[in-house]
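# Structural overview for review
Residue strings, one per chain:
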Amino acid sequence: MAILKYEEIAESLRIRMASGEFPPGAMLPSGRDLAEQWRVSRATVVKAMDVLRNDGVVEARQGSGFVVADTAIGRPAGNRKAGDPRVTGGMPFTRVGRPERVTPPARISTALSLSDGEVALRRSRLMQLPDGTPHSYVDAWFPPDVADRAPRLEQDAPIAEGTTRHVRLQTGRHPAEGTDVTTVRLATDEEARQLRLELPAAVAVTLHVAYDHDGNPLVCEEGVTPGAFWEQRNTYSM
C-alpha cells in the first residue's frame, strides 16, 4: 500500500521526535520550511500536521506553530468508532512493564483465533485521570502475524502515533469492524494493585476486538475499570 506524501512527512517527524531531535515541548519546523524541504505545497504540510495533532503527538500554539506534546494520549478499551481521532475520549497513560510474548488467557486466545499454547504480544498501560490517579488498566494483545510485521510494538518506547496507525503503516491492514463486550466481576490481585483498590472490589471489564476487512483479528484489548468510574449512557428515540 502506497504511503501518501503527507503521511510520509508525518512519519518522518514522528521518527525525529522519537530519536530526541524534537523532545516534548520543542517547536517543530515551520510549515514554510517543511514545504521547501519536501518540495510540496503548504496544504500537504497542513494535512501532515493534522495527522499528528489528531494522534495527540503535537499541539498547536497560536501565532507560533506546533510543539511536541508533553504527555502520551490513549483511549480506554472499547468505544472506538470509525473515523474518530485517537484523542477523542483520550486520556494520559503510563506504560506498565515491558511488551512481551506470552500465552494469553483462554478468552483472549479465542478472540484472536489462536491455537492452543500459541503466544501473543501483550502491551499493558494504565489510563490516568487528570490528577494522575488510575482510571483503568488495559492489556492489548496482538496476534503473531501482526506483531512480526510491526516491530515497534515490542519496544519499550511509546508509539506516539498510536498502535493502530503503526500497524496500518507496517502491514497495510486496518480496523474495519470492532466488537465490545462488557461484563462485571471482582478485581484480581494484580488489577487491584494497579488500580489502587481494596479487595473485594467490583470492576467493569470491556473486551474489545478489532478485525480487518477480511475478518482477521488485529488486536484484542481488555480494559478493567473500577465500578465507581464506569458508566454507559445511550440516547435513543422512543
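Residues numbered from 1 in each chain as written. Predicted model: local features only at pLDDT ≥ 70, side-chain atom pairs only at ≥ 80, totals over all residues. Heavy atoms only, no water.

### Quick word on the overall build of the protein chain
The helix and strand inventory of the protein chain stands at 7 helices and 9 strands. Taking 238 residues into account, the globule formula puts the C-alpha radius of gyration at 18 Å, and the protein chain, at 19 Å, falls close to it. A buried classification covers 44% of the 238 residues belonging to the protein chain. Residue pairs in contact within the protein chain that sit at least 24 positions apart in sequence constitute 57% of those at least 6 positions apart. About 13100 Å² of surface is accessible on the protein chain, with carbon and sulfur atoms providing 50% of the total. (Helix = DSSP H or I, 4+ residues; strand = E, 2+ residues; numbered from the N terminus. Rg over C-alpha atoms; globule rule 2.2 N^0.38 Å. Buried < 20%, exposed > 50% of the residue type's maximum accessible area, 1.4 Å probe, protein only. Contact = heavy atoms within 4.5 Å. Areas by Shrake-Rupley, 256 points an atom, 1.4 Å probe, with all protein chains shown as cover.)

### Focus: helix α3 (residues 42-54)
Across its 13 residues, α3 extends 18 Å between first and last C-alpha, which sits within 8% of the 18 Å expected from 1.5 Å per residue. Where α3 is buried, its residues touch α1 (5-18), α2 (31-38), β1 (58-61), β2 (65-68) and α6 (163-171). One or two positions beyond α3, positive phi appears at Gly56, with a value near 75°. (Expected span 1.5 Å × (residues − 1).)

### Looking at the packing of α1 against α6
Interhelical geometry of α1 versus α6 gives an angle of 120° and a closest axis separation of 13 Å. Between α1 and α6, the crossing angle belongs to the class labelled oblique. Of the two possible hands of crossing, α1 and α6 adopt the one that is left-handed. Here Glu7, Glu11 and Arg14 of α1 lie close against α6, whose contacting residues are Arg165, Arg168 and Leu169. When its residues are assigned to classes, the contact of α1 with α6 shows 1 nonpolar, no polar and 5 charged. (Axes fitted to C-alpha atoms, helices over the stretch in contact; angles between N-to-C directions. Parallel < 35°, antiparallel > 145°, perpendicular 65-115°, else oblique. Left-handed = near helix turned anticlockwise from the far one by under 90°. Nonpolar A, V, L, I, M, F, W, Y, C, P; charged D, E, K, R; others polar.)

### Some points on the pairing of strand β8 (residues 202-211)
Taken across its 10 residues, β8 has 9 buried, putting it largely inside the fold. Two elements, strand β7 (residues 177-186) and β8, share 10 bridges in a ladder whose sense is antiparallel. Bridge assignment links Arg185 to a residue of β8, and that residue is Val203. As paired elements, β8 and strand β9 (residues 217-226) share 9 bridges and run antiparallel to each other. Within the sheet, the bridge partner assigned to His208 lies in β9 and is Glu221. In textbook terms, the turn of a hairpin is the stretch between consecutive antiparallel strands, and for β8 and β9 this stretch comprises 5 residues, one of which, Gly215, has a positive phi near 80°. (Pairing = 2+ DSSP bridges.)

### Quick word on the nonpolar core
By size, the foremost hydrophobic cluster in this structure holds 20 residues, and its most contacted members are Leu13, Met17, Phe22, Leu28, Met49, Leu52 and Val58. For this core, the secondary structure elements donating two or more residues are α1, α2, α3 and β2. For Leu28, the residues in contact, after removing those within four places along its chain, are Phe22, Met49, Val58, Phe66 and Val68. Ranked by size, the runner-up nonpolar core spans 12 residues in total, among them Phe142, Val146, Val167 and Leu218. (Core = buried A, V, L, I, M, F, W, Y, C linked by side-chain atoms within 4.5 Å.)

### Some details on the pattern of salt bridges
Summed over all chains, the structure comprises 18 salt bridges. The salt bridge involving Asp148 is made with Arg101; its shortest N-O contact spans 2.9 Å. In this pair, Asp148 is assigned in the loop between α5 (144-147) and α6 and Arg101 in strand β4 (residues 91-102), connecting sequence segments 47 residues apart. Here Asp148 falls in the exposed class, since its relative accessible area comes to 54%. (Salt bridge = Lys/Arg side-chain N within 4 Å of Asp/Glu carboxyl O.)

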